[in-house]
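Close look at the chain arrangement
As a plain string of letters, each chain reads:
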Amino acid sequence: MQANGAGGGQQQQQPPPQGPELGCLGAQNGEASAGTAAGEQLAHANGLLPSANSGGPGGGSPGGLGVNNGVPAAGGPGPAAAELGGGGGGSALKKKKRLSQSDEDVIRLIGQHLHGLGLNQTVDLLMQESGCRLEHPSATKFRNHVMEGEWDKAENDLNELKALVHSPHAIVRMKFLLLQQKYLEYLEDGKVLEALQVLRCELTPLKYNTERIHVLSGYLMCSHAEDLRAKAEWEGKGTASRSKLLDKLQTYLPPSVMLPPRRLQNLLRQAVELQRDRCLYHNTKLDSNLDSVSLLIDHVCSRKQFPCYTQQILTEHCNEVWFCKFSNDGTKLATGSKDTTVIIWQVDPDTHQLKLLKTLEGHAYGVSYIAWSPDDNYLVACGPDDCSELWLWNVQTGELRTKMSQSHEDSLTSVAWNPDGKRFVTGGQRGQFYQCDLDGNLLDSWEGVRVQCLWCLSDGKTVLASDTHQRIRGYNFEDLTDRNIVQEDHPIMSFTISKNGRLALLNVATQGVHLWDLQDRVLVRKYQGVTQGFYTIHSCFGGHNEDFIASGSEDHKVYIWHKRSELPIAELTGHTRTVNCVSWNPQVPAMMASASDDGTVRIWGPAPFVDNQDIEEECSSMDS
């Protein structure tokens with residue numbers, strides 16, 4: 001017989017093996033012996049035996065055992081058979097190796113999945129050959145009675161399951177769920193008296209979840225079945241509602257008795273999500289549907305799919321560009337420059353190319369900070385330290401609505417919008433801290449706060465302000481209270497807050513970029529690589545789910561980190577002077593802008609052409 005396709009030789013007939021044991025060699029494992037034609041067919045089907053009478057290197061010797069992939073072939077008993085049976089004609093095979101616990105778990109998971117697909121005969125064969133049990137016999141009986149709506153029998157099954165359930169309260173809860181389904185089905189069938197009997201004599205005596213019993217009693221007033229299903233948010237009598245019921249009941253049973261619902265799918269989904277979470281470049285919405293991914297390969301995202309490549313260079317400013325910010329809806333970009341202008345750019349929704357929409361002129365000091373109103377209808381611009389004016393434009397018309405200045409000695413260098421869009425706060429390092437309306441009227445002020453940067457929290461009351469004491473404090477303009485939140489050892493040049501209000505990203509002089517947890521008031525991470533002196537550099541959160549952090553740098557680069565990794569995953573080159581500000585498009589995760597002292601704004605996006613081969617090559621390089 002040929003072994004693994006090797007060898008030749010003359011055809012050799014061997015005497016049939018002796019004894020009944022050898023005649024069913026490896027039957028449970030789908031292997032076959034020379035003793036049965038069915039076994040030979042099964043072996044052929046699995047590619048184990050090339051031919052029933054093939055010759056091979058051992059074919060000329062009566063003691064030679066032909067082997068294909070380690071499976072005994074039709075050549076004869078040979079020495080291996082003597083080993084197995086101690087040399088006797090009625091030799092017995094070694095007992096099949098006992099399955100490990102993990103192997104049994106896997107077989108049960110596969111069986112459950114196949115059962116869900118309706119391949120019940122396959123499941124029966126799998127359990128028979130493996131010697132495993134999909135679930136406890138009492139659980140199987142219970143499942144069948146629930147799906148058939150035989151509620152009295154299902155209740156009796158609970159008594160059998162009682163000894164297998166760890167929590168004594170679980171049986172009561174399971175009985176409540178059963179009786180609730182029974183009650184609803186009676187109501188849907190118009191059997192009001194029977195339903196009332198269940199409610200009064202079976203559900204109520206359980207003395208469990210009386211609030212739910214009151215709700216159930218209200219369903220007696222439903223005039224027709226559609227009304228009942230709508231009010232109870234219930235699918236109605238049948239397979240759908242009983243399957244949901246069974247899913248709930250399974251949660252109270254140990255997995256050794258009955259597996260949790262769709263356990264294999266849940267494990268696979270968790271594995272896919274974990275791979276995505278560990279992928280440093282994953283920047284798209286997570287799809288929990290397993291049909292959207294391949295389970296045959298590991299998840300990987302290529303760097304070429306990430307915004308690391310210059311898509312466009314905007315050169316319309318004629319001096320240093322100090323700030324850039326995408327609108328909240330992602331359709332526009334505003335850039336502010338030392339040349340005293342603000343330019344608003346329109347983002348093409350299809351090509352993601354930007355074109356000049358409006359130029360807002362007249363800010364004599366230069367524009368170093370910009371804030372969009374929550375509805376993107378207004379834009380506020382501030383200047384550098386010696387600027388005492390704040391400008392507010394109507395974005396749609398390009399008209400200047402407000403030019404605010406309380407005093408020529410003021411320094412208004414930062415601004416933040418209240419979430420209601422009707423107020424904003426502004427301040428600077430000379431001790432001004434104002435709250436104003438859209439017309440620039442002063443609503444409130446806080447004396448003696450030397451403000452470096454501002455942010456309004458979503459509660460509409462608290463304003464965060466970094467000051468010259470190397471800290472961020474929270475100020476409440478309603479009850480006039482303030483509290484310390486963040487304390488650094490070096491000046492905080494700027495900061496920004498995540499969408500959920502939990503995290504703060506700080507650019508700290510001579511230290512770089514720091515991530516703080518505002519709720520726990522702890523420093524979470526210090527990001528490495530960036531060059532930060534005493535220039536004001538604005539960093540940002542970005543990407544899908546704000547999983548990434550980007551910052552400019554005095555070494556002319558843009559640095560990108562995954563939020564949980566201190567080392568940068570990308571260093572973007574192209575600017576020739578300090579990069580003052582970066583802004584990630586909040587609606588297009590693969591688009592980012594950077595503003596530099598070189599007078600340009602760069603738009604970053606994925607590589608122009610990305611195919612599967614690029615991704616595979618990247619995988620190979622990562623593996624090596």
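Bear in mind that the values here come from a model prediction, so they are computed numbers and not experimental data.

1. Some words on the UniProt feature "repeat: WD" (unreviewed entry) in the chain
The positions UniProt marks with the feature "repeat: WD" (unreviewed entry) are residues 314-348, 360-391 and 572-604. End C-alpha atoms of residues 314-348 are separated by 15 Å, and the span's content is 0% helix alongside 54% strand. For residues 572-604, the helix share is 0%, the strand share is 48%, and the end-to-end C-alpha distance is 9 Å.

2. Some details on the nonpolar core
Counting residues in hydrophobic clusters, the biggest one holds 44 residues, and the most contacted among them are Leu-333, Val-342 and Leu-379. Each residue touching Leu-379, except ones within four places of it in the same chain, is listed here: Ala-334, Val-342, Ile-344, Leu-360, Ile-370, Ala-371, Trp-372, Trp-391, Leu-392, Trp-393 and Val-395. Judged by nonpolar contacts, the second largest core, of 19 residues, contains Leu-158, Val-165, Ile-171 and Val-257.

3. Quick word on the pairing of strand 25 (residues 548-551)
Side chains Phe-548 and Ala-550 of strand 25 all project onto a buried face; the interleaved residues Ile-549 and Ser-551 project onto the opposite face, where all are buried too. Bridge count between strand 24 (residues 540-542) and strand 25: three bridges; the pairing is antiparallel. Across the sheet, the residue bridging to Phe-541 is Ile-549, located in strand 25. Here strand 25 pairs with strand 26 (residues 558-562) via four bridges, running antiparallel.

4. Overview of the sheet that holds strand 21 (residues 503-508)
If you walk across this open sheet you meet the four strands as 20-21-22-23, and the pairing is antiparallel. The open sheet has two edge strands, strand 20 (492-497) and strand 23 (522-527), and neither has a second partner. Taken pair by pair, the neighbouring strands of this sheet meet at an average axis angle of 25°, ignoring direction. Bridge count between strand 20 and strand 21: five bridges; the pairing is antiparallel. Bridging from a neighbouring strand, Phe-495 pairs with Leu-506 of strand 21.

5. Describing the pairing of strand 4 (residues 321-326)
Among the six residues in strand 4, five count as buried, and that is most of the element. Here strand 4 runs beside strand 5 (residues 332-337); their pairing, made up of five bridges, is antiparallel. The residue of strand 5 that forms the bridge with Phe-326 is Leu-333. Between strand 4 and strand 5, which pair antiparallel and follow one another directly, the connecting turn spans five residues, one of which, Gly-330, has a positive phi of 75°.

6. Let's talk about the side chain of Asn-507
For Asn-507, the location among the structural elements is in strand 21. The exposure class of Asn-507 is buried, given its relative accessible area of 0%. In this structure the side chain of Asn-507 is engaged in a polar contact, spanning 2.6 Å, whose partner is the side chain of Ser-539. A polar contact is formed between the side chain of Asn-507 and the side chain of Ser-551, at a distance of 3.3 Å. The residues contacting Asn-507, other than those within four sequence positions of it, are Pro-491, Ile-492, Met-493, Ser-494, Gly-512, Val-513, Gln-532, Ile-537, His-538, Ser-539 and Ser-551.

Reading the values: the criteria
Residues numbered from 1 in each chain as written. Predicted model: local features only at pLDDT ≥ 70, side-chain atom pairs only at ≥ 80, totals over all residues. Heavy atoms only, no water. UniProt positions renumbered as here; feature names shortened; annotations may be inferred. Helix = DSSP H or I, 4+ residues; strand = E, 2+ residues; numbered from the N terminus. Core = buried A, V, L, I, M, F, W, Y, C linked by side-chain atoms within 4.5 Å. Buried < 20%, exposed > 50% of the residue type's maximum accessible area, 1.4 Å probe, protein only. Contact = heavy atoms within 4.5 Å. Pairing = 2+ DSSP bridges. Axes fitted to C-alpha atoms, helices over the stretch in contact; angles between N-to-C directions. Polar contact = N/O pair within 3.5 Å; in protein donor to acceptor, adjacent residues only side chain to side chain.

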